[in-house]
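# Descriptive structure summary
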There are 2 protein chains.
Amino acid sequence: MHLVCLDLEGILVPEFWVEISKAVGVPELSRTTREEANFDKLMKSRLDILEKNNLKLDDLKQAANLIEPVNGALDFVRELRQRTQLAILSDTFEQFTERFMELFSYPLLFANVLQAAPDGSVIGYKLWQQEGKEAAVKIFKSMNLKVFAAGGSFNNISMLRTADSRCLFRAPQMIRNKCPDIPCVDSFGELSAKISRFLRQPG
Amino acid sequence: MHLVCLDLEGILVPEFWVEISKAVGVPELSRTTREEANFDKLMKSRLDILEKNNLKLDDLKQAANLIEPVNGALDFVRELRQRTQLAILSDTFEQFTERFMELFSYPLLFANVLQAAPDGSVIGYKLWQQEGKEAAVKIFKSMNLKVFAAGGSFNNISMLRTADSRCLFRAPQMIRNKCPDIPCVDSFGELSAKISRFLRQPG
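The structure reproduced in this document is the subject of the present report. None of the values given here were measured: they were computed from a predicted structure.

What follows is about the overall build of chain A. Scanning chain A for helices and strands turns up nine helices and seven strands. Counting only C-alpha atoms, chain A reaches 55 × 35 × 30 Å along its principal axes. Relative to its 203 residues, chain A shows a buried fraction of 50%. Long-range contacts, defined here as pairs at least 24 residues apart, represent 57% of the contacts in chain A between residues at least 6 apart. Working note: accessible area of chain A is about 9,100 Å², and carbon and sulfur atoms make up 48% of it. On chain A, the mean spot of the 26 positive side-chain charges and the mean spot of the 26 negative ones are 7 Å from each other.

Shown next, in the form of structure tokens:
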């Protein structure tokens, strides 16, 4: 059996924190792992910013619900799921993904969780697993699944290298330069063609 | 995060080989693990019967496509997937499940595979994993998922016992007697209520 593992942000939806930052009008919230590579530090600074601006979990969810999928992503996912199984491996928070899971007809999702106090303040987060994406692909392979993985950012590279087949998707030039052995595609048509080639391999 | 693992046959769809046997008019094909507990022996006798009756993989698939989901199963799955994630862990063959995966909007599926010769004759099968259901639940738990499992036949008991929460579904009296510690429910409403209780536990 085959399984396709995709990152969510950068392939199917835009970066959540960047879009949420625009929706709530707080530019500091748009910092991502590109500006602060240490995820825990980044999250702590986000929690501070949320507190300062009196933003609650519900405000973030409302802002996330305004985000539109990337152009072409809905058709791509619909067609993909008729051909093979899909898992979304994401470093985002499942509270942001609800609308998208519905739009994409509920693929398997692994994501982190934001923790809120009874008054709705965001007070922490829980990673679903350390190095979760790479660990998940290893586990899927141990379940006799043949795995294709695609993503566009640094936090996907170890997942990509662990999968049986792989490609980058709309990756920044810096990542393409650092991973010249991993092909990069820039459209859903090309990604779909890569997956078709993968599906022709015995499962 | 929570995950519900369900058997396919006996919960959502009737027994495939029983229904296929009726559709192709070959009563011997209706034998299941109830009559022959050794799965490999059972499969070898099925392959013999298929050969004798000149039945090809496509004939089986056509017959499987005529089967209707269990009454209420479509609504149950639709509502379940809005609330949590679903994996189908099945001992059937993925060639029989295609129509159902579409009807159920493509949940994660683990199933076995029938192997065919170029002329379409069924010549063997491939298990996705030995003791696959139990192994899968162990693996999901190792991925920090909280797992609820339900099934109605003997081949589900180890999966049920491995899960964090469980129930039997429409199990024969013999199984209920042998597993008095596992609650058994007989309707989708009751199953849904059990799952609601499970989802209220922290993920």
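Now for the sheet that holds strand E5 (residues 146–151) of chain B. All names here are of chain B. Read across the open sheet, the seven strands follow the order E4-E3-E2-E1-E5-E6-E7; overall the sheet is mixed. Two strands in the sheet have a free side with no partner beyond their single neighbour: strand E4 (122–126) and strand E7 (184–185). For strand E6 (residues 165–169) and E7, the ladder comprises two bridges, and the chain directions are parallel. Paired with phenylalanine 169 across the bridge in E7 is valine 185.

With that settled, consider the relation of the copies chain B and chain A. Structural alignment of chain B on chain A gives an RMSD of 0.0 Å, achieved by rotating through 180 degrees and translating 0.0 Å along the axis. The transformation relating the two chain copies, once decomposed into turn and shift, fits a two-fold axis. When the interface residues of chain B are mapped onto chain A, 100% of them again fall at the interface, so both copies present the same face.

So, on to the pairing of strand E2 (residues 85–93) of chain A. Looking along a regular strand, one sees the side chains alternate between the two faces of the sheet. Residues and elements named next belong to chain A. Along E2, eight of the nine residues are buried, which leaves the element largely enclosed by surrounding structure. Judged from the four bridges that link them, strand E1 (residues 2–6) and E2 form a sheet pairing that is parallel. Paired with leucine 6 across the two strands is isoleucine 88, which belongs to E2. Where E2 meets strand E3 (residues 108–116), four bridges bridge the pair, whose relative direction is parallel. Within E3, the residue paired with phenylalanine 93 across the bridge is asparagine 112. Taking the sense of rotation as the criterion, the β-α-β connection linking E2, helix H5 (residues 94–103) and E3 turns out right-handed.

Moving on to the pattern of salt bridges. Residue and element names in this part refer to chain A. For the structure on display, the rule yields 22 salt bridges over all chains. The shortest N-O distance in the salt bridge between lysine 22 and glutamate 19 comes to 3.2 Å. Here lysine 22 pairs with glutamate 19, and both are found in helix H1 (residues 16–24), just three residues apart, close to one helical turn. On the accessibility criterion, glutamate 19 (22% relative accessible area) is partly exposed.

For helix H6 (residues 132–142) of chain B, the buried fraction is high: eight of the eleven residues fall into the buried class. Among the residues making up H6(B), those that are buried are Gly132(B), Lys133(B), Glu134(B), Ala135(B), Ala136(B), Val137(B), Ile139(B) and Phe140(B). Against helix H6 (132–142) of chain A together with strand E1 (2–6), strand E2 (85–93), strand E3 (108–116), E5 and helix H7 (157–162) of chain B lie the buried residues of H6(B). Where H6(B) ends, the next residue or the one after it, Asn144(B), has phi of about 65 degrees, a positive value.

Scoring rules and cut-offs
Residues numbered from 1 in each chain as written. Chains lettered and ligands numbered in written order. Predicted model: local features only at pLDDT ≥ 70, side-chain atom pairs only at ≥ 80, totals over all residues. Heavy atoms only, no water. Helix = DSSP H or I, 4+ residues; strand = E, 2+ residues; numbered from the N terminus. Buried < 20%, exposed > 50% of the residue type's maximum accessible area, 1.4 Å probe, protein only. Contact = heavy atoms within 4.5 Å. Areas by Shrake-Rupley, 256 points an atom, 1.4 Å probe, with all protein chains shown as cover. Lys, Arg positive; Asp, Glu negative; His and termini not counted. Charge placed at Lys NZ, Arg CZ, Asp CG, Glu CD. Pairing = 2+ DSSP bridges. Least-squares fit on C-alpha atoms with pLDDT ≥ 70 in both. Right-handed = clockwise from strand over helix to strand, strands pointing away. Salt bridge = Lys/Arg side-chain N within 4 Å of Asp/Glu carboxyl O.

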